[in-house]
Amino acid sequence: MQENGTEVTAAGIARLAGVGRAAVSNWRRRHADFPKPVGGTETSPSFALAEVEDWLRVQGKLAEVPLRERVWQQVAGHPQGAVAALVHVGCALLLVHDRPTVWLELSAGSDDRLAELLPAPLDQVLTLRFGVIRKRAVDTPTADRLRVSAPLLRGAAELAAELDARKAYEFLLGRHLDANPRQYTLTPPGLAALMADLAGPAADVLDPACGTGALLRAVAVAQGSSATADRHLYGQDSAPEQAALTALRLALHTRATVRTAAADTLREDAYGSLRTDAVLCHPPFNERNWGHDELAYDPRWEYGFPARTESELAWVQHALARLKEGGIGVLLMPPAAASRRSGRRIRADLLRRGALRAVIALPPGAAPPHNLPLHLWVLRKPAVTGRRAQPEVLLADTGVFTADGRGGLDWGALRTAVLDAWRPFDRNGTAPERPGLSRSVPVIELLDDDVDLAPARHLPPSEAGGGVEQLGVVRDRLGETLRLTGRLTPPSADPRRPTRWPLTTIGELARGGALRLRTGGNGGHARVPVLTDHDVLAGTTASGSTLSGTALSGTTPSGSAPPGTLAESDEETVLTEAGDVVVPVLGGGSIARVIDEADAGAALGRNLVLLRPDPAALDPWFLVGFLRGTANNRQASSYASTATRLDVRRLQLPRLPLEQQRAYGERFRALAEFEGALRLAGSLGEQLVRGMYDGLADGTVEPG
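Numbering of residues starts from 1 in every chain and runs along the sequence as written. Reporting of local features is limited, given that this is a predicted model, to residues whose pLDDT is at least 70; pairs of side-chain atoms are given and counted only at 80 or more, and all residues count toward the totals for whole chains, interfaces and linings. Only hydrogens and water are set aside; all other atoms, that is, all heavy atoms of the structure, feed into the side-chain values.

Some words on the overall build of the protein
Operational definition: Only DSSP runs of H or I with at least four residues qualify as helices, and only runs of E with at least two residues qualify as strands; both kinds are numbered from the N terminus onward. By definition, residues are in contact when any of their heavy atoms lie within 4.5 Å. Values of accessible area rely on a 1.4 Å probe in the Shrake-Rupley scheme; residue burial ignores everything except the protein chains shown.
Assigned secondary structure in the protein consists of 24 helices and 22 strands. The long-range share in the protein, meaning contacts at least 24 apart out of those at least 6 apart in sequence, stands at 75%. Working note: accessible area of the protein is about 31,900 Å², and carbon and sulfur atoms make up 51% of it.

Right, here's the structure in full:
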């Protein structure tokens, strides 16, 4: 085995073989020749990837490791860490992308030869793409550091031949971000695309807190084929590894000139003399140690010296300082920044001088922290010609687009609503009022003692429930649904003794070929709607748009992934078919669902198990009905300190002929229709009651 070779955990082995972690534990116990741990801890050991691959092939459990999975495991288990691996991969893929013949020549020999010869051409490509600047974010890796990465680089090049270099890198980076959600504060792709749209066409764009490059990537996607070397994308981040990942990611996406720097932006601005057409920024929130004591006399505080508790207003003024006259800045802000008393003087000056043009409240869940309705501040650098500042500012609240439960936001509808309000205001300095959504507010109205810019406090309420006519429609639908519920109410049943059937388990049926069993959430990102465990529990259609559920939630009306989605591969995604049965495995509830045509083709999300019965052996409604039995679920559940998990393989079914199964299945289907009618009646009832309360309270509904 190669010294310091790639290691893989038990979870990684399970992914390689397409099994659960319990199966890997069984192999370790039952097979004396299973590879021994080479690292990790006693409770979480790691194994040599090469030894694991060989053992799986010998045992017939793996014909060939999928290329994408093999490359990802090499990244995840890299001796220098996953980030270093991604930097090496990004450099190599940039060489493959820009100078493919050079790569082919270098990779023809041994790994040692590749590592020795690679630094020189890499340095040429990196210098060409990122320039010769004092603090270039991507250093040329040395031969010693590349030697252990040589097998990984060859695999990445193969993956690039299969997907192309850009998609290959997005796949690997997306996997890394999903595997480490707490290490990164990500900007969801739908939000990044919206911020890029608000900034509009721009030749030069800066993100002073670039993270992993989501905002600049959205700009690159928007520019498309128009991006040439005379356009510039600038990024800076205090974390060197994130600045490097951003640079490589952008270089593989665009022909625009890319410059990134690794330094604390507020304390050590790498672009002091730079003036750009646009600044996009998702700054860190609520920072106390942002440089308040060191930066008291900094020339960027043109609108007032921010208080120690107002780090976000420091970022606002930094953005304005880096804009050309008339340039647009779009910043993601916490809602408290619009109303904290400590920031009221700076907010007032931003309004008086026309630097703050819009405050847009987003729905909760638009970006982390997901429990807060974050704001977008749209800035414009005032001209120094002495022209009178615009007398109005746009306030908008998109809370109406809040997703139900844990489903994704409808980014397509939200984007349309925001741009329909912003674009006429940007052209004319004013815009028609849209009750409950947006209003062009005179600045003088806001210059009181509080200078409170929270949009909801200044917008006229929308008509209750869509107006009195809409309430009538809801009431009529509720009446129809209640009548349907009455018709579907199951008839009374005569008591009888429990029937003792011969039983089998889901595991036995799967081994016998009567059904196939698949688990959800194993793949990268789906470009189709994702059926989540919440959708199954709530009885709704597929509402997610990525399998990870970390930073990239939301779905467009068409069901495709939102613009700028992180990964573009459907690798390992399990797609549902009509007649499948899905079962949530967390929470301890006895729920199962038959997939109909509306959800056919959706990707299976995390914490779901899919059962695909052979129609010649099993009726799906019969299967669902018995899986939902309370006693059945109780005996198949295991309990941890904070959660209940269902072992679907242990769920039991009676052995019955297909005709008898169908008789039971028809009754279970009728119960499901009754359940759906009850759920709809409850939802309509809540909507009617809420609308009546609002209508009576705002005077649009008469008491009579």
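The rest of the description comes next.
Some thoughts on helix H14 (residues 240-253)
Just so we agree on the cut-off: The span one expects for a helix is its residue count, reduced by one, times 1.5 Å. Categorising residues by exposure relies on relative accessible area from a 1.4 Å probe, with only protein chains included: less than 20% of the type maximum marks a residue as buried, more than 50% marks it as exposed, and the intermediate range marks it as partly exposed.
Look at H14: 20 Å from first C-alpha to last across 14 residues, which is about the 20 Å you get at 1.5 Å a residue. In terms of burial, H14 is a largely internal element, twelve of the 14 residues being buried. Inspection of H14 places Gln-242, Ala-243, Ala-244, Leu-245, Thr-246, Ala-247, Leu-248, Arg-249, Leu-250, Ala-251, Leu-252 and His-253 among the buried residues, and these make up the whole buried set.

Some points on the pairing of strand S10 (residues 375-380)
Rules: Note on pairing: two strands pair once DSSP finds at least 2 bridges between them.
The buried fraction of S10 amounts to five of the six residues, a majority that puts the element mostly inside the structure. As paired strands, strand S8 (residues 323-333) and S10 are joined by six bridges and run antiparallel to one another. Bridging from a neighbouring strand, Met-333 pairs with His-375 of S10. Sheet analysis places strand S9 (residues 356-361) next to S10, joined by five bridges and oriented antiparallel. For Ala-361, the partnering residue across the bridge sits in S10 and is His-375.

A short note on unusual backbone geometry
Going from Pro-368 to Pro-369, the amide bond is cis rather than trans, its omega being -5°. Of note, Pro-369 is situated in the loop between S9 and S10. Of note in the backbone geometry, Asn-286 takes a positive phi value of approximately 55° without being a glycine. Structurally, Asn-286 can be placed in the loop between strand S7 (276-281) and helix H15 (311-321). Phi is positive for Asn-607, which is not a glycine, with a value near 60°. Summarising the element assignment, Asn-607 is placed in the loop between strand S18 (603-604) and strand S19 (608-613).

Quick word on the side chain of Thr-485
If you trace the backbone, Thr-485 turns up in helix H19 (residues 468-488). Contact partners of Thr-485, with chain neighbours within four places excluded, come to Phe-674, Ala-677 and Leu-678.

Regarding the packing of aromatic side chains
Put simply, the test is: The rule is short: rings of Phe, Tyr and Trp, with Trp giving its six-membered ring, pair when the centres are within 6.5 Å, and they are stacked under 30 degrees, edge-to-face over 60, tilted in between.
By the definition in use, this model includes 13 aromatic pairs. Seen in terms of ring centroids, Phe-34 and Phe-47 are 5.7 Å apart; in terms of plane orientation they differ by 85°. Their pairing is edge-to-face. Here Phe-34 is found in the loop between helix H2 (21-30) and strand S2 (39-40), whereas its partner Phe-47 is found in strand S3 (residues 45-48), with 13 residues between them in sequence. Relative accessible area serves as the criterion here: at 4%, Phe-34 is assigned to the buried category. According to the relative accessible area criterion, Phe-47 is buried, its value standing at 0%. Taken together, a centroid distance of 5.8 Å and an interplanar angle of 85° make the contact between Trp-501 and Tyr-664 edge-to-face.

Some words on the nonpolar core
Applied cut-off: Only buried residues count toward a nonpolar core, which is a set of Ala, Val, Leu, Ile, Met, Phe, Trp, Tyr and Cys residues joined through side-chain atoms within 4.5 Å. For every domain, the bounds stem from an assignment made automatically or drawn from a database.
Ranked by internal contacts, the top residues of the largest apolar core, which has 94 residues, are Leu-198 and Leu-376. The greatest single-element share of this core, amounting to twelve residues, is contributed by helix H5 (residues 82-98). Counting contributing residues, this core receives three or more from each of domain 2 (70-179) and domain 3 (189-457). Setting aside its immediate chain neighbours within four residues, Leu-198 contacts Ile-328, Val-330, Ile-360, Leu-376, Val-378, Val-418, Leu-419 and Trp-422. Counting 41 residues, the second largest nonpolar core, distinct from the first, contains Trp-315, Leu-320, Leu-350 and Val-443.

Details of the sheet that holds S3
The condition is simple: The axes are straight lines fitted to the C-alpha atoms, using for helices just the contacting stretch, and the angles between their N-to-C directions are given from 0 to 180°.
One open sheet holds the three strands; their spatial order is S1-S3-S2, and the pairing between them is antiparallel. Two strands in the sheet have a free side with no partner beyond their single neighbour: strand S1 (7-9) and S2. Where S2 meets S3, two bridges bridge the pair, whose relative direction is antiparallel. Bridge pairing in S3 links Gly-39 to Ser-46. Contacting S1 and S3, helix H3 (residues 49-58) runs over the sheet at an angle of about 75° to S3.

Let's talk about the pattern of salt bridges
Test applied: Salt bridge, as used here, is a side-chain nitrogen of Lys or Arg placed within 4 Å of a carboxyl oxygen of Asp or Glu.
Applying the stated criterion across every chain, the model contains 35 salt bridges. Of the charged contacts in the structure, one is a salt bridge between Asp-277 and Lys-324, with a shortest N-O distance of 3.3 Å. Placement of the pair is Asp-277 in strand S7 and Lys-324 in strand S8, with a sequence separation of 47 residues. The class for Lys-324 is partly exposed, based on a relative accessible area of 32%. In this structure, the salt-bridge partner of Arg-340 is Glu-310, at a minimum N-O distance of 3.0 Å. In this pair, Arg-340 sits in the loop between S8 and helix H16 (344-352) while Glu-310 sits in the loop between S7 and H15, placing the two residues 30 residues apart along the sequence. Here the two residues Arg-340 and Glu-310 agree in accessibility, since each one is buried.

Overview of helix H24 (residues 658-698)
Compared with an ideal rise of 1.5 Å per residue, which puts 41 residues at 60 Å, H24 spans 59 Å between its outermost C-alpha atoms and is within 8% of the ideal. Three or more residues of H24 are buried, namely Gln-661, Gly-665, Phe-674, Ala-677, Ala-681, Leu-684, Gly-685, Leu-688, Gly-691 and Gly-695. At the C-terminal side of H24, Gly-699 shows a positive phi close to 85°.

What to know about the packing of helix H4 (residues 67-76) against helix H11 (residues 165-179)
Put simply, the rule reads: An angle below 35 degrees is treated as roughly parallel, one above 145 as roughly antiparallel, one from 65 to 115 as roughly perpendicular, and anything else as oblique. When the near helix sits turned anticlockwise from the far one by under a right angle, the crossing is termed left-handed; a clockwise turn instead gives a right-handed crossing.
The contact between H4 and H11 brings their axes to 10 Å, and the two run at 55°. On the basis of the axis angle, H4 is oblique to H11. Of the two possible hands of crossing, H4 and H11 adopt the one that is right-handed. Of the residues in H11, those in contact with Arg-68, Glu-69, Val-71, Trp-72 and Val-75 of H4 are Phe-171, Leu-172, Arg-175, His-176 and Ala-179.

No statement about biological role is implied by the geometric values presented.
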